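Chain by chain, the residues run as shown.
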Amino acid sequence: MSATLARAFRHRSFAIGAVLTGIVVLAALLSLVWTPWSATELAVPRKLRPPSAEHLFGTDHFGRDILSMVMVGARNSIVVGIVAVAIGCSAGTALGLLAAARRGWTEELVMRFSDFTFAFPAILSAIMITALLGPGTVNSILAIGIFNVPVFARLARGAAASIWARDFILAARAAGKGTARITVEHVLPNILSIVIVQATIAFALAILAEAGLSYLGLGTQPPQPSWGRMLNDAQTFMYDAPYLAIFPGLAIAVAVLGLNLLGDGLRDLIDPRLARKR
């Protein structure tokens with residue numbers, strides 16, 4: 001175990017991604033028990049104060065502490081990302097496994113569904129869904145999760161199809177195992193690493209999508225802080241208080257960059273051939 005961790009942290013992308021992601025996760029966990037100030041309490045007398053020892057990231061136009069809002073916003077973004085990716089990963093992987101196992105019209109139906117979904121840009125699809133269902137965190141999760149379903153379905157179907165052609169699958173059939181049992185015991189474990197890497201990348205995209213929806217007013221609603229809505233609120237004060245946009249923008253950049261680097265590192269570590277090429 002220690003040798004595996006040492007090898008992982010020798011990989012530059014994985015190490016940097018793990019550190020950046022760890023900072024975001026730590027801020028989110030810390031916000032559960034402590035923030036420097038209340039993230040939702042309005043205090044107009046201290047509005048638009050620049051960064052100082054009292055307010056490290058300054059205050060917004062309602063007097064709320066920016067650092068506290070960024071910390072709570074990290075928690076909301078992570079929750080949305082985890083649940084949305086879990087929906088997309090579980091449903092999409094199940095569909096992909098079903099398509100690879102059944103083939104025929106089942107595979108064709110799943111693939112055409114994926115093609116139809118990919119015909120619409122991700123953010124536009126999410127906007128359409130939240131506009132129909134109404135703004136809010138739950139609807140944002142559903143919108144992002146639904147878009148992730150075909151992504152995982154295509155990935156799982158392609159990876160599972162190659163596994164079904166292996167000799168050990170023929171041996172399992174000869175032993176009398178049925179399609180469902182072979183899928184669970186042999187196919188799924190062999191594609192799980194690929195799915196995990198994709199989930200890491202999808203997590204970064206989910207955080208970005210949630211910020212975009214919140215920026216448009218379709219995501220997390222007041223009084224809960226959201227990185228995207230903080231950027232929206234900062235537009236009016238870009239010249240007078242640029243820090244209102246700088247800190248939530250940096251938070252989004254750190255989270256997305258960290259998860260992308262983490263996914264890139266995981267991909268290389270899972271496939272040693274890629275690691276040797278670096």
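Below is a short write-up of the structure. Please read all numbers here as calculations on a predicted model, not as lab measurements.

Considering unusual backbone geometry
And then number 1: For the peptide bond that leads from Pro222 to Pro223, omega is 10 degrees, which places it in the cis range.
And then number 2: As for its placement among the helices and strands, Pro223 is situated in the loop between α8 (179-215) and α9 (227-234).
And then number 3: At Leu48, a residue that is not glycine, the phi angle is positive and equals roughly 55 degrees.
And then number 4: Counting through the fold element by element, Leu48 comes out in the loop between α2 (12-33) and α3 (66-102).
And then number 5: On the accessibility criterion, Leu48 (30% relative accessible area) is partly exposed.

Here we look at the nonpolar core
The tendency in soluble globular proteins is for nonpolar side chains to be buried side by side.
And then number 1: Grouped together as the largest cluster of nonpolar side chains are 57 residues, with contacts concentrated most on Trp164, Val187 and Trp227.
And then number 2: Counting only elements with at least two residues in this core, the list comes to α2, α3, α5 (122-133), α6 (137-164), α7 (167-174), α8, α9 and α10 (243-270).
And then number 3: Excluding residues within four positions of it along the chain, Trp227 makes contact with Val24, Val70, Gly73, Ala74, Ser77, Ile207, Pro248, Ala251, Ile252 and Ala255.

Some details on the packing of aromatic side chains
And then number 1: Going through the model one piece at a time under the given rule, you end up with one aromatic pair.
And then number 2: Considering the side-chain rings of Phe57 and Phe247, the 4.0 Å spacing of their centres and the 0 degrees angle between planes classify their relative orientation as stacked. On the criterion of sequence distance, the pair formed by Phe57 in the loop between α2 and α3 and Phe247 in helix α10 is long-range, its members being 190 residues apart.
And then number 3: Take Phe57: its relative accessible area is 22%, and that puts it in the partly exposed class.

Parameters at a glance
- For every chain, the first residue of its written sequence is number 1, and the numbers climb from 1 along that sequence.
- Confidence filtering applies because this is a predicted model: local features only for residues at pLDDT of at least 70, side-chain atom pairs given and counted only at 80 or more, and all residues used for totals across whole chains, interfaces and linings.
- Side-chain measures here rest on the full set of heavy atoms in the structure, leaving out hydrogens and waters.
- Where helices and strands are cited, they refer to DSSP runs of H or I of at least four residues and of E of at least two residues respectively, numbered from the N terminus.
- For every residue, the accessible area (1.4 Å probe, protein chains only) is compared with the maximum for its type, and the residue is labelled buried under 20%, exposed over 50%, or partly exposed between those bounds.
- For the purposes of this section, nonpolar cores are sets of buried Ala, Val, Leu, Ile, Met, Phe, Trp, Tyr and Cys residues that join through side-chain atoms within 4.5 Å.
- Contacts are assigned to residue pairs with any non-hydrogen atoms lying within 4.5 Å of each other.
- Here a Phe, Tyr or Trp ring, Trp counted by its six-membered ring, pairs with any other such ring whose centre lies within 6.5 Å, and the pair is stacked when the planes are under 30 degrees apart, edge-to-face when over 60, and tilted otherwise.

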